[in-house]
Amino acid sequence: MAPTRTATTFAPPVMEARRWLEGVSFSPERPLINVSQAAPVEPPPQALRQAMADFALTEDSAHLYGPVLGNADLRAELAAQISRHYGGAVGPEQVAITSGCNQAFAATISAITGEGDEVILPTPWYFNHKMWLDMEGVTAVPLATGPDLLPDVEAARALITPRTRAIALVTPNNPGGVEYPGELVGAFYDLAAEHGLRLLLDETYRDFDSRSGAPHDLFTRPDWDKTLVHLYSFSKAYRLTGHRVGALASDTGLLAEIEKFLDTVAICPGQIGQHAALWGMRNLGQWVAGERDEILDRRAAIAEGMPALAAEGWKLLGLGAYFAYLEHPFDIPSDDLARRLVRDAGVLVLPGTMFMPEGDPAGARQLRVAFANLDRAGIGQLFDRLKGLRF
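Residues numbered from 1 in each chain as written. Predicted model: local features only at pLDDT ≥ 70, side-chain atom pairs only at ≥ 80, totals over all residues. Heavy atoms only, no water.

In the annotation of an unreviewed UniProt entry, the entry for the protein chain reads aspartate transaminase, and the organism field reads Ruegeria alba. The protein chain has a UniProt comment under Catalytic activity (unreviewed entry) that states "L-aspartate + 2-oxoglutarate = oxaloacetate + L-glutamate". According to its UniProt record, the protein chain has this under Cofactor (unreviewed entry): "pyridoxal 5'-phosphate". (UniProt positions renumbered as here; feature names shortened; annotations may be inferred.)

This is how it looks when you write it as structure tokens:
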């Protein structure tokens, strides 16, 4: 009997890491430092929560089905904001709202691939992308990155076969944190267009990019929607993780195929979450700018603290958005190290083995630190606990 779809992939990494906490206690003087998951732990700002409550209490539509591809007002607002931010022309009909960005990726893959097709993923990869490809019967073709964690276009070209359907990039990157240069993103777009592939560009963390202005020019390209599938999430910018609101932008023909997937999985995105995303875009621009400044300051604190760790053999491979990607100096694999760090250092972190192909030796030396929920004092405590460790 052939294995089931879910049996072809691994257990959810964040949930697996949480199980490492079982049976371990932490004192109030030395609480757990949890840098395992890239998600805000604080709720949305009070004004947004009030807008959501008012909507739920006064609008009957808050509790009913809506359009499969999302509400027209949110699609229009997002299309306008994408157009302004990237200097291109995006219409509401080219935008769909999904129940989170992971669903946007899943729906796109289901719409563009068949059994045995291939999608190129740079490594270290975002594990949920790999999991969905496994469960769809699609082969994830690993594209190794260099010491700077940036993928190489010519290396990707060598991996293209008649079964290749897409190249998927994440920038700012999860798990590596690196911000892909606009020229590099453009070169991957050109490669995809040359071979009739889709370029899936996941910019979940775009609101925390350290660069000002548009990070690439893809939306200014003629017929951009025939190649580009742009993925986005409202979860991080507005702290709406529990409300599951994501989005994608592409051509209307592809959205018609994606609509079939969405209708059978969730029927429509949640109304309250969509209202919150719309209200946030219209009213919280300055607040989001402040959130970005805070994240950039925490990123700076990581960079400032690294020399002390570097003196003990640690290396900073990538830094940006919510993530620092580290190489550890110990002669044990990172999955064993991560488990021991819970007990010995009171730190929950994800090992590089969760972001790499099975057996890849690089993953055994790497750790992902999701630092966005630590202030400067918390980052200092994290470094203090990592310094002086011996295994």
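Visitor: Give me the lowdown on the overall build of the protein chain, citing residues and values where you can.
Guide: The helix and strand inventory of the protein chain stands at 13 helices and 13 strands. In summary, the protein chain has a C-alpha radius of gyration of 21 Å against a globular reference of 21 Å for 391 residues, a match within 12%. Each principal axis of the C-alpha atoms in the protein chain carries an extent, and together these give about 55 × 55 × 50 Å. Counting every position in the protein chain, which comprises 391 residues, the buried fraction comes to 54%. (Helix = DSSP H or I, 4+ residues; strand = E, 2+ residues; numbered from the N terminus. Rg over C-alpha atoms; globule rule 2.2 N^0.38 Å. Buried < 20%, exposed > 50% of the residue type's maximum accessible area, 1.4 Å probe, protein only.)

Visitor: Tell me about the sheet that holds strand S7 (residues 228–233), and please be specific about residues and values.
Guide: Within the open sheet, the seven strands sit side by side as S2-S8-S7-S6-S5-S3-S4. Their pairing is mixed. Looking at strand neighbours, the two that pair on one side only are strand S2 (95–98) and strand S4 (139–144), the edges of this open sheet. Across the sheet, the mean angle from the axis of one strand to that of its neighbour is 25°, orientation sign disregarded. Where helix H4 (residues 101–112) meets the sheet, its contacts fall on S2, strand S3 (118–123), strand S5 (164–170), strand S6 (198–202), S7 and strand S8 (246–249), and the angle it forms with S7 comes to roughly 155°. Packed onto the sheet, helix H5 (residues 127–136) meets S3, S4, S5 and S6 and runs at close to 160° relative to S3. (Pairing = 2+ DSSP bridges. Axes fitted to C-alpha atoms, helices over the stretch in contact; angles between N-to-C directions. Contact = heavy atoms within 4.5 Å.)

Visitor: Quick rundown of the packing of aromatic side chains? Include the residues and the values.
Guide: Following the criterion strictly, the structure yields 13 aromatic pairs and no others. Consider the rings of Tyr86 and Phe219, whose centres lie 4.9 Å apart with planes at 50°: the pair is tilted. Of this pair, Tyr86 sits in helix H3 (residues 72–86) while Phe219 sits in the loop between S6 and S7, and the two are 133 residues apart along the sequence. Exposure class is identical for Tyr86 and Phe219. Each is buried. Centroid distance Trp132 to Phe261: 6.1 Å. Interplanar angle 90°. Geometry classified as edge-to-face. Taken together, the residues span a long stretch of sequence, with Trp132 in helix H5 and Phe261 in helix H9 (residues 252–265) at a distance of 129 residues. (Phe/Tyr/Trp six-rings, centres within 6.5 Å; stacked < 30°, edge-to-face > 60°.)

Visitor: I'd like a description of H3, backed by residues and values.
Guide: Helix length check: H3 (15 residues) gives 21 Å between terminal C-alpha atoms against 21 Å at 1.5 Å per residue, within 8%. Of all the residues in H3, the buried ones are Leu74, Arg75, Glu77, Leu78, Ala79, Gln81, Ile82, Ser83 and Tyr86. At its buried positions, H3 is contacted by S2, S7, S8, H9 and helix H10 (271–283). A positive phi of about 70° marks Gly87, the residue just after H3. (Expected span 1.5 Å × (residues − 1).)

Visitor: Give me the lowdown on the UniProt feature "domain: Aminotransferase class I/classII large" (unreviewed entry) in the protein chain, citing residues and values where you can.
Guide: When the UniProt feature table is mapped to this numbering, "domain: Aminotransferase class I/classII large" (unreviewed entry) covers residues 33–386. Helix makes up 42% of residues 33–386 and strand 17%, with an end-to-end C-alpha separation of 11 Å.

Visitor: Lay out the packing of helix H2 (residues 46–58) against H10 in plain terms, naming residues and giving numbers.
Guide: Where H2 contacts H10, the two axes come as close as 9 Å, and the packing angle between them is 135°. Viewed along their axes, H2 and H10 adopt a mutual orientation that is oblique. In this structure, H2 meets H10 at a crossing whose hand is right-handed. Residues Ala47, Leu48, Ala51, Met52, Phe55 and Ala56 of H2 form the contact with H10, whose own contacting residues are Gln271, Ile272, His275, Ala276, Trp279 and Gly280. Among the residues forming the contact of H2 with H10, the class breakdown is nine nonpolar, three polar and no charged. (Parallel < 35°, antiparallel > 145°, perpendicular 65-115°, else oblique. Left-handed = near helix turned anticlockwise from the far one by under 90°. Nonpolar A, V, L, I, M, F, W, Y, C, P; charged D, E, K, R; others polar.)

Visitor: Go over H4, please, and point to the residues and values.
Guide: Helical periodicity: at 3.6 residues per turn, an α-helix aligns residues three or four positions apart in one direction. For H4, with twelve residues, the first-to-last C-alpha span of 17 Å sits near the 16 Å given by 1.5 Å per residue. Counting buried positions along H4 gives nine out of twelve residues, so the element sits mostly inside the fold. All of the buried residues in H4 are Cys101, Gln103, Ala104, Phe105, Ala106, Ala107, Thr108, Ile109 and Ile112.

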